[in-house]
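Chain by chain, the residues:
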Amino acid sequence: MTSTPVRIATRQSPLALWQAEFVKAALEETHPGLTVELVPMVTKGDIILDTPLAKVGGKGLFVKELEQAMLDGRADIAVHSMKDVPVEFPEGLGLVTICEREDPRDAFVSNNYESINALPEGAVVGTSSLRRQCQVRAMRPDLVVKDLRGNVGTRLGKLDNGEYDAIILASAGLKRLNLHDRIRNEIEPEEILPAVGQGAVGIECRLDDERVRALLEPLADANTTYRVLCERAMNNRLMGGCQVPIGSYSEIHGDQIHLRALVGEPDGSKIVSGEVTGPLEKAEELGTGLAEQLLEDGARVILEKLYQDEV
Ligand SMILES: NCc1[nH]cc(CCC(=O)O)c1CC(=O)O
């Protein structure tokens, strides 16, 4: 039964490997005797590294090859950062398990300054995320925001070269790579709302693979699952998988879930935001409801303009 190994299709960036190793360790610890193998792969997203992601077709580029490997039976599962998982899955595949969330906040990283507010006028901030660009520009229109791509190590290298005065990265990624000491300041959601699903790891597999689904079940974290499904429901109602400045942050208090979200112009000139609280069992409906409220409050205009620019 448990003698056949479980094969994890994975990208080879340090963060992707960390996540795959994390799931391998969790599976082996939960199911003594089970062997788990990594199947390292290269995706289109790993090759096209110089073009801003929003221009080359978005996040799907990082998962297509992994999904094909599962469909072909060359691998059984793929481990994703939930913020990089597209809205839609190919027929036969699905996201079945969401593990316990690491810190969902963004981190301010700089060798010379303590925080966004402490940056001098005209300082150069690196990030390619439209969500981060929008919120940084809204806070500090005097800063210069410059694109920054590559994996976490590459981005830190560009900061250290002096190409930027500060950069913004996900806290979770830095912590997983043992780079806590690079975090100068955890950016609170009141300043910058994180990405949908940020800090959570999710596992995708073939939906008809009952054996693997049963093996994965104990790795799920109930609270993280409610939170991420709530955030994703909000996101799904707003878009069809393209790159737009959308931020969100959910928290659970007792049996209630509180969701904040925003949609903004990439240049930060306009931000539409809102929040909602309700029972945990209604997490997804609450997310969808908040999205509808945002659309009415002006997000529709922002999104229609962005979708037009994409074509
Ligand atoms: N977009 C790349 C990416 N995907 C997931 C993380 C960090 C870890 C996470 O959110 O789970 C990062 C790096 C970053 O944005 O700094």
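Residues numbered from 1 in each chain as written. Predicted model: local features only at pLDDT ≥ 70, side-chain atom pairs only at ≥ 80, totals over all residues.

Considering the sheet that holds strand S6 (residues 124–126)
Step number 1: Here 5 strands make up an open sheet; going across it, the order is S7-S6-S8-S5-S9 and the pairing mixed. Both outer strands of the open sheet, strand S7 (144–146) and strand S9 (185–187), are each paired with one neighbouring strand and no more. Between one strand axis and the next, the sheet turns by 30 degrees as a mean value, whatever way the strands run.
Step number 2: Both S6 and strand S8 (residues 166–170) contribute to a ladder of 2 bridges, which runs parallel. The residue bridging Val125 from the neighbouring strand is Ala166, located in S8.
Step number 3: Of the strands in this sheet, strand S5 (106–109), S6, S7 and S8 are in contact with helix H5 (residues 130–139), which crosses S7 at around 175 degrees.
Step number 4: Sitting on the sheet, helix H6 (residues 152–160) is in contact with S5, S6 and S8, with an inclination near 165 degrees to S8. (Pairing = 2+ DSSP bridges. Helix = DSSP H or I, 4+ residues; strand = E, 2+ residues; numbered from the N terminus. Axes fitted to C-alpha atoms, helices over the stretch in contact; angles between N-to-C directions. Contact = placed C-beta atoms within 7 Å.)

Examining the environment of Tyr226
Step number 1: Tracing the backbone shows Tyr226 in helix H9 (residues 222–238).
Step number 2: Measuring from C-alpha to C-alpha, the distance between Tyr226 and Leu280 comes to 6.9 Å, with 54 residues separating the pair along the chain.
Step number 3: In this structure Tyr226 touches Ile252, Ile257, Leu280 and Ala283, once residues within four positions along its chain are discounted.

Some thoughts on the nonpolar core
Step number 1: In terms of nonpolar packing, the biggest core is built from 50 residues, with Ile167 and Val263 touching the most fellow members.
Step number 2: Looking at this core element by element, the count peaks at 8 residues for helix H10 (residues 283–310).
Step number 3: Apart from residues lying up to four places away in sequence, Ile167 is in contact with Val109, Val125, Gly126, Thr127, Leu148, Arg155 and Leu159.
Step number 4: Counting 29 residues, the second-largest nonpolar core is a separate cluster that includes Leu66, Ala75, Ala200 and Val228. (Core = buried A, V, L, I, M, F, W, Y, C linked by C-beta atoms within 7 Å. Buried ≥ 20, exposed ≤ 12 C-beta atoms within 10 Å, placed from the backbone.)

Re the site of the ligand
Step number 1: The local shell around the ligand consists of Ser81, Lys83, Asp84, Val152, Leu169, Ala170, Ala172, Gly173, Gln198 and Gly199.
Step number 2: When the residues that make up the shell around the ligand are grouped by side-chain class, the tally is 4 nonpolar, 4 polar and 2 charged.
Step number 3: Two domains share the shell around the ligand, each providing at least three of its residues, namely domain 1 (6–99 + 200–220) and domain 2 (106–187). (Near = placed C-beta within 6 Å. Nonpolar A, V, L, I, M, F, W, Y, C, P; charged D, E, K, R; others polar. Domains from an automatic or database assignment.)

Let's talk about the pairing of strand S3 (residues 77–81)
Where a strand is regular, its side chains alternate between the two sheet faces.
Step number 1: In terms of burial, S3 is a largely internal element, 5 of the 5 residues being buried.
Step number 2: A two-sided burial pattern is seen for S3, the buried positions comprising Ile77, Val79 and Ser81 on one face and Ala78 and His80 on the other.
Step number 3: Strand direction decides the pairing type here: S3 and strand S10 (residues 201–206), joined by 5 bridges, are antiparallel. From the neighbouring strand, Val79 faces S10, where its bridge partner is Ile203.

Quick notes on the sheet that holds S10
Step number 1: Pairing in this open sheet of 5 strands is mixed, and the strands run S2-S1-S3-S10-S4 from one edge to the other. This sheet does not close on itself; its edge strands, each paired only once, are strand S2 (36–40) and strand S4 (93–98). The average angle at which neighbouring strand axes cross in this sheet is 35 degrees, direction not considered.

What to know about the domain arrangement of the protein
Step number 1: Under the domain assignment, the protein is made up of domain 1 (6–99 + 200–220), domain 2 (106–187) and domain 3 (234–310).
Step number 2: Each of domain 1 and domain 2 has a C-alpha centre, and these two points are 27 Å apart.

Quick look at the environment of Leu286
Step number 1: As for its position among the elements, Leu286 is in helix H10.
Step number 2: In this structure the C-alpha to C-alpha distance between Leu286 and Glu275, which are 11 residues apart in sequence, comes to 9.6 Å.

A few points about unusual backbone geometry
Step number 1: Phi at Asn178 is positive, roughly 65 degrees, even though this residue is not glycine.
Step number 2: Along the chain, the position of Asn178 falls in the loop between helix H7 (171–176) and S9.

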